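Working through the structure, step by step
Here is how the chains run, residue by residue.
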Amino acid sequence: MNSEKENIRDKDFISKSLLYRISQFFGFLLGARFFVAILLTFALYISTYFLFNQDETFRNFVFDFKVHGIIFCTVLSILAGGIINQFYDVEKDHIAKPFRSRIQSFIKQKYFLYAYLVLTLISLGVAAFISHRVFVFFIVYQFFMWFYSHKLSRILIINNLTFVSLTLYPFFGMMVYYETFSKKVFLMAIFLFLILLCIDIVKDMLTKTVDKTFGYITIPNYFSSKTTNTIVISILTVIMAVSMKLIDKTGISGYMSYYFVLGLFVIIVCIYLLINSSRQIKVLVLNILRFWILVGIVAMLLTGIQGKL
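Thresholds applied
Residues numbered from 1 in each chain as written. Predicted model: local features only at pLDDT ≥ 70, side-chain atom pairs only at ≥ 80, totals over all residues. Heavy atoms only, no water. Helix = DSSP H or I, 4+ residues; strand = E, 2+ residues; numbered from the N terminus. Contact = heavy atoms within 4.5 Å. Core = buried A, V, L, I, M, F, W, Y, C linked by side-chain atoms within 4.5 Å. Buried < 20%, exposed > 50% of the residue type's maximum accessible area, 1.4 Å probe, protein only. Polar contact = N/O pair within 3.5 Å; in protein donor to acceptor, adjacent residues only side chain to side chain. Disulfide = S-S within 2.5 Å. Salt bridge = Lys/Arg side-chain N within 4 Å of Asp/Glu carboxyl O. Expected span 1.5 Å × (residues − 1). Bend = angle between axes of the 7 residues up to and from the residue. pLDDT = per-residue confidence, 0-100. Axes fitted to C-alpha atoms, helices over the stretch in contact; angles between N-to-C directions. Parallel < 35°, antiparallel > 145°, perpendicular 65-115°, else oblique. Left-handed = near helix turned anticlockwise from the far one by under 90°. Nonpolar A, V, L, I, M, F, W, Y, C, P; charged D, E, K, R; others polar.

Re the environment of L113
Counting through the fold element by element, L113 comes out in helix α7 (residues 109-130). Considered as a pair, L113 and F87 are 26 residues apart in the sequence and their alpha carbons are 7.8 Å apart. Setting aside residues up to four positions removed in sequence, L113 forms contacts with I84 and F87.

A short note on the nonpolar core
Counting residues in each nonpolar core, the largest one holds 82 residues, and the members touching the most others are F138, L236, I239 and L289. In terms of residue count, helix α10 (residues 183-206) provides more of this core than any other element does, 14 residues in total. When residues no more than four places from it in sequence are discounted, the contact partners of L236 are C198, I267, C270, I271, L274 and L289.

Topic: the side chain of N221
By secondary structure assignment, the location of N221 is in helix α12 (residues 219-222). Relative accessible area serves as the criterion here: at 13%, N221 is assigned to the buried category. Within the local environment of N221, its side chain forms a polar contact with the backbone oxygen of Y216, the two atoms lying 2.8 Å apart. Engagement of the side chain of N221 in a polar contact is seen with the side chain of T218, the distance being 3.1 Å. Those residues in contact with N221, other than ones at most four positions away along the chain, are K208, D211, K212 and Y216.

Structural notes on the state of the cysteines
Under the criterion given, the structure shown has zero disulfides. Unpaired in this structure, C198 has its nearest cysteine sulfur neighbour in C270, at a distance of 8.4 Å. What makes C198 buried here is its relative accessible area of 0%.

Notes on unusual backbone geometry
Where the residue is not glycine, phi is negative for most of them; where a peptide bond is considered, it is trans in most cases. We note that I157 has phi near 70°; this positive angle belongs to a residue other than glycine. Its place among the elements puts I157 in the loop between α8 (132-150) and α9 (158-178).

A short note on the pattern of salt bridges
Pairing is possible between side chains that carry opposite charge, provided their charged atoms lie close to one another. A complete count under the given rule lists one salt bridge for this structure. Between K203 and D200 there is a salt bridge; the shortest N-O distance is 3.4 Å. Here the residue K203 and the residue D200 both occupy positions in helix α10, the gap between them amounting to three residues, near one helical turn. Assessed through its relative accessible area of 28%, K203 is described here as partly exposed.

As for α9
When the terminal C-alpha atoms of α9 are compared, their 29 Å separation across 21 residues agrees well with the 30 Å that a helix rising 1.5 Å per residue should span. Along α9, the helix axis deviates most sharply at Y169, where the bend reaches about 40°; the proline P170 sits within four residues downstream. A positive phi of about 55° marks E179, the residue just after α9.

Brief notes about the confidence of the model for the protein chain
Chain-level pLDDT for the protein chain is 82 on average; 83% of the residues reach the 70-or-more range. Within the protein chain, no element has a lower average pLDDT than helix α1 (residues 2-31), which sits at 51, and none a higher one than α12, at 92. Predicted confidence for residues 10-16 stays below pLDDT 50, and this span has zero contacts to residues more than four positions away or in other chains.

Some words on the packing of α8 against α9
At a minimum axis distance of 11 Å, the contact between α8 and α9 shows a crossing angle of 160°. Taken together, the axis directions place α8 and α9 in an arrangement best described as roughly antiparallel. Considering only the axes of α8 and α9, their crossing is left-handed. Residues F137, V140, Y141, F144, M145 and Y148 of α8 pack against N159, T162, F163, L166, Y169, P170 and G173 of α9. Residues of the contact of α8 with α9, tallied by class, amount to ten nonpolar, three polar and no charged.

Right, here's the structure in full:
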């Protein structure tokens, strides 16, 4: 009888232990923004091969270990940046993101810091192995990711501009690496910058009260709701103008042309929703814009495949 109870106890312990380890694992993935890093990696590979890489064959691209090394360093830097941002925002996230905070609570903060240091050192080590210029590129990238989390995320307007710039920084690096400078690439960069800026401001609208409580000076808690809405709608209007310029002046073709044409209607829908927006509407607009970026990545992939055939 006692042995049966002990067996049941052992099974419960193993089950709880396994659940605890799984919770730790998912807590780390969420803290490191792993899924965001995967999406950015996918976008980097697609944009690098189909947009920035104009002449190189697929075989040469596959065996271009320098490019793979740069993207690998980028992924590690993004993971490290997510961890350090989570470390500084931990109190705010307890209120703004209770589910994620609950999952992350299975891991002590010191282990997140250890992971941050390991990822940073590996990234810089690989970058130094590639070249001194790549090493400097990632030193700057990682410094500003830390400085954003430490200081810049609390400064009005600077926080939004820095966040979006850091998101696009790896793409800028690949553009410089391949020396791909054209009107089309420039306008596409502006389009992506503005749509990411809209996403960041709408996200701040949803966490307005929490941000104010913890001293984050954002556009929604500095200006009135009406003024913030006007700012977002104005940016969306500029995005429409950039889309029309891309369609009319750059000779963009394939699935990307359909993407920017349909994008005009998507932006109009977002503007209409924001005119009289509730919290649920803001969440809907945020998800529409995020989804539209994903659609853009897929459209670029399909256009690239179509062009290479």
